[in-house]
Amino acid sequence: MSRRFLRKWILLFLFIGTAVTFFWISLTPAEGDGEKKSVHMDKKRTGGEPDGAVEAFPGSFRETVFVFDEKKYLEKTLVKAGEDAYKRNKFNQVESDKLASNRQIPDSRNHQCQAKTWPSKLPSTTVIITFHNEARSTLLRTVVSVLNRSPSHLIDEIILIDDFSDESETGSELARIEKVKVLRNEQREGLIRSRIIGAKAAKSKVLTFLDSHCECNAHWLEPLLQRIDEDESRVVCPIIDVISMDNFNYIAAIEDLYGGFGWDMVFRWDHFEKIGFYDPEMNVWGGENIEISLRVWLCGGTLEIVPCSRVGHVFRKQHPYSFPGGSGNVFARNTVRAVEVWLDDYREYYYQSVPSSRFVQAGNLTARFQLKKRLECKPFQWFLENVYPRLKVPNPPGLASGEIRHGLYCLDAKSQSNGGAVELITCHGNKGAQDWVLSKENRIRNNDFCLTVPKPVPGEPVVLNHCKPEATEQQFELSHHKKLIKMQQYDLCLDSSEGNQQLVVNRCDFNVLSQHFKFSRIY
């Protein structure tokens, strides 16, 4: 990205982590106590000083006194006696609440990183943190870790996006802390759209996205900003350390890894304006990391993990909040949107890996395809050849796949039942009931149902039945320049001669246009 880009981006995807040292605060005195006293959190709350513990950044916010009553802030949502410590947040809130916001953590960087010095003249950033019903102790530690572990001149602001939490005070009370701004959504928007809201409100050219249960480690920010400063087309990410969801121990992650995905489009570790914001039509959470990763690579940028930057993150086994429509449906829709826009013809391998996604409605993609065209993005094949060659292309899913077109009409398996009718209706481009595969076993299938000719005689209607091995009434092949779909054992071809709403078989005749059908993809 050059000066043409209105913003530079640092994207710390989904999970981002933490390390906090000394956060100087003023405890609000009890009524009648006279003057306030500036204090440092005592050793009992911080849990001592582990070997190699990170100290607050020299010259940072530890030299500033904030009037913020941390104890009072946390007391409002403490876990009550007998209450399940995991119920609200799906991590042990009791253990989290015991820890001070400025607790010390081990410096997890390697010795070479610890010995490096970083330039003081770097672009400053806005840190954007979105949350929904986050535990107050983890949210506060995230904010404090940013302030304590970052050179103050590199943090322009911290924008907290409260995604319509049940208690508005969880975020609003933190606005008393210097550089912290709080925006509250008037309805639930989800992680993706909340980050877009934060990005649009930010005043910095560099945007840093953090989760709300992280702790930034020593000198986490400078390595990221240096890479951005050297080349604006870079999108960078720290190594993500682990904060235990059970006891909140800080555990260093290994360095020799990089992120990737399989044909199921699930992210895994192997052992916004110019490039567009997050896709605003994606809902709540899920799929956005894959989508923006592909967009960065295909549209002229690079995506890097920077080894000298470390951020801890609380990894949970469950989401503590609900997904409108169900988490599986939300994730599937978001992923299908990314697949349809960026995978080109390789999208079929995703649908082969996750067959149920064929029936997921992606919504309107016009704006995303316009963005792709405007940015002159490369094809997905370039990504496979130059960025991620270890993602091996599997064998084709069959002999042909996609829509079976007949002029303006497509074969439609609307009736998903044995004996259900196969109709010819206007092509809608939304896959689902119009997405077919001619398998290597010569069956034309949609999900678990196959085209079936109960009796091999002219004029016999074509119906749907569950696919059966070796069933000759379900075996077809492409014939006559691949324009006719012929029963493999009989001289009978698909025919629409009975009208566009009715599909039958008749004696094969290449000169009869009602027998011309075309698969979207032939392998």
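Right above here is the structure, for reference.
Scoring rules and cut-offs
Residues numbered from 1 in each chain as written. Predicted model: local features only at pLDDT ≥ 70, side-chain atom pairs only at ≥ 80, totals over all residues. Heavy atoms only, no water. Helix = DSSP H or I, 4+ residues; strand = E, 2+ residues; numbered from the N terminus. Buried < 20%, exposed > 50% of the residue type's maximum accessible area, 1.4 Å probe, protein only. Areas by Shrake-Rupley, 256 points an atom, 1.4 Å probe, with all protein chains shown as cover. Salt bridge = Lys/Arg side-chain N within 4 Å of Asp/Glu carboxyl O. Core = buried A, V, L, I, M, F, W, Y, C linked by side-chain atoms within 4.5 Å. Contact = heavy atoms within 4.5 Å. Phe/Tyr/Trp six-rings, centres within 6.5 Å; stacked < 30°, edge-to-face > 60°. Lys NZ or Arg CZ within 6 Å of the ring centre and 35° of its normal. Arc of directions from axis to C-beta. Disulfide = S-S within 2.5 Å. Pairing = 2+ DSSP bridges. Axes fitted to C-alpha atoms, helices over the stretch in contact; angles between N-to-C directions.

Participant: How should I be thinking about the overall build of the protein in this particular structure?
Facilitator: Within the protein, the regular secondary structure consists of 13 helices and 27 strands. Split into buried and exposed, the 523 residues of the protein put 54% on the buried side. By element, 50% of the accessible surface of the protein is carried by carbon and sulfur atoms, the whole surface being about 22900 Å².

Participant: In this structure, what is going on with the environment of Gly-419? I would like to understand it.
Facilitator: Relative to the elements of secondary structure, Gly-419 occurs in the loop between strand 16 (409-412) and strand 17 (420-421). Along the sequence, Gly-419 and Thr-452 sit 33 residues apart, while their C-alpha atoms lie 8.6 Å from each other.

Participant: Whenever I open this one, the pattern of salt bridges confuses me. Can you help?
Facilitator: Once the charged atoms of two side chains with opposite charge are near each other, the side chains can pair. Summed over the entire model, instances satisfying the criterion amount to 31 salt bridges. Note that Arg-103 and Glu-215 form a salt bridge whose closest N and O atoms lie 2.8 Å from each other. With Arg-103 in the loop between helix 3 (93-98) and helix 4 (111-115) and Glu-215 in strand 9 (residues 214-216), this residue pair connects regions lying 112 residues apart in the sequence. Of the charged contacts in the structure, one is a salt bridge between Asp-163 and Arg-188, with a shortest N-O distance of 3.1 Å. Of the two residues, Asp-163 is situated in the loop between strand 6 (155-162) and helix 6 (169-172) and Arg-188 in the loop between strand 7 (180-184) and helix 7 (190-201); the sequence distance between them amounts to 25 residues.

Participant: Hey, could you run me through the nonpolar core in this one?
Facilitator: When a protein is soluble and globular, its nonpolar side chains tend to lie buried together. Counting residues in hydrophobic clusters, the biggest one holds 32 residues, and the most contacted among them are Ile-129, Val-146, Ile-158, Leu-160, Leu-174 and Trp-220. Contributing elements (two or more residues each) for this core: helix 2 (70-75), strand 5 (125-131), helix 5 (136-148), strand 6, strand 8 (206-210), strand 9, helix 8 (221-230) and strand 14 (302-314). The element contributing the most residues to this core is helix 5, with six residues. With residues near it in sequence (within four places) discarded, Val-146 still touches Val-127, Ile-155, Ile-158, Leu-210, Cys-216 and Trp-220. Ala-332, Trp-342, Tyr-351 and Val-360 belong to the second largest nonpolar core, which has 29 residues in total.

Participant: Any chance you could explain the packing of aromatic side chains here in plain terms?
Facilitator: Aromatic ring pairs: the centre-centre distance and the angle between the two ring planes describe each pair. Scanning all chains against the criterion turns up 12 aromatic pairs. Taking the centre distance of 5.5 Å and the plane angle of 55° together, the rings of Phe-68 and Tyr-73 count as tilted. Accessibility assignment for this pair places Phe-68 and Tyr-73 in one class, buried. Three or more aromatic residues joined by ring pairs form one cluster here, namely Phe-261, Trp-263, Tyr-346, Tyr-349, Phe-380, Phe-383 and Tyr-388. The aromatic ring of Tyr-73 is capped on one face by Arg-136, whose charged end is 4.7 Å from the ring centroid. In this structure, Lys-378 packs its charged tip against the face of Trp-382, placed 4.6 Å from the ring centre.

Participant: Sorry, what's going on with helix 12 (residues 366-374) here?
Facilitator: Helical geometry note: an α-helix holds 3.6 residues per turn, so side chains three or four residues apart project in the same direction. Of the residues making up helix 12, those classed as buried are Arg-368, Leu-371 and Lys-372. Mapping the buried residues of helix 12 onto a view down its axis gives an arc of 100°, with all of them on the same face. Opposite the buried face of helix 12, at more than 90 degrees from it, the exposed residues are Ala-367, Lys-373 and Arg-374. Downstream of helix 12 by one or two residues, Glu-376 has phi in the positive range, about 55°.

Participant: Please clarify how the state of the cysteines should be interpreted in this entry.
Facilitator: Where two cysteines share a covalent bond between their sulfur atoms, that bond is called a disulfide. As enumerated under the stated definition, the model contains five disulfides in all. Sulfur-sulfur distance for the disulfide between Cys-299 and Cys-377 comes to 2.0 Å. Negative torsions about the S-S bond denote left-handed disulfides, and the value of about 100° found for Cys-299 with Cys-377 makes this one right-handed. Of the two residues, Cys-299 is situated in the loop between helix 9 (288-298) and strand 14 and Cys-377 in the loop between helix 12 and helix 13 (380-386); the sequence distance between them amounts to 78 residues. With respect to burial, Cys-299 and Cys-377 carry one shared label: buried. Here Cys-493 pairs with Cys-508 through a disulfide, and the sulfurs are 2.0 Å apart. Judged by the torsion about the S-S bond (95°), the Cys-493/Cys-508 disulfide is right-handed. Here the residue Cys-493 occupies a position in strand 25 (residues 492-495), and Cys-508 occupies one in the loop between strand 26 (504-507) and strand 27 (518-522), the gap between them amounting to 15 residues. Exposure remark for Cys-508: the relative accessible area of 18% places this residue in the buried category. We note that Cys-214 lacks a disulfide partner, and the nearest cysteine sulfur, in Cys-216, lies 6.9 Å from it. The exposure class assigned to Cys-214 is buried, which follows from its relative accessible area of 1%.

Participant: I would appreciate a short explanation of the sheet that holds strand 14 in the present structure.
Facilitator: Strand-to-strand pairing in sheets goes through backbone hydrogen bonds, with the strands running parallel or antiparallel. Here we have four strands laid out as an open sheet, ordered 9-14-10-11, and mixed in their pairing. Of all strands in the sheet, those with a lone pairing partner are strand 9 and strand 11 (250-251), marking the two edges. As paired strands, strand 9 and strand 14 are joined by three bridges and run antiparallel to one another. For Cys-216, the partnering residue across the bridge sits in strand 14 and is Val-311. Each of strand 10 (234-243) and strand 14 is contacted by helix 8, which is oriented at about 165° to strand 10, the strand it contacts most. Those strands touched by helix 9 are strand 10 and strand 14, and its axis lies near 155° from that of strand 14.

Participant: I would appreciate a short explanation of the pairing of strand 15 (residues 400-406) in the present structure.
Facilitator: Side chains on a regular strand alternate between the two faces of the sheet. Burial within strand 15 is extensive, with six of its seven residues counted as buried. Where strand 15 meets strand 19 (residues 436-438), three bridges bridge the pair, whose relative direction is antiparallel. Of the residues in strand 19, the one forming a bridge with Ser-401 is Val-437. Taken together, the four bridges between strand 15 and strand 27 define a ladder with antiparallel strand orientation. Paired with Ser-401 across the two strands is Arg-521, which belongs to strand 27. Bridging between strand 15 and strand 16 involves two bridges; their strand directions are antiparallel. Within strand 16, the position partnered with His-406 by the bridge is Tyr-409. Hairpin geometry of strand 15 and strand 16 is characterised by an intervening segment of two residues between the two adjacent antiparallel strands and by a positive phi of about 70° at Gly-407.

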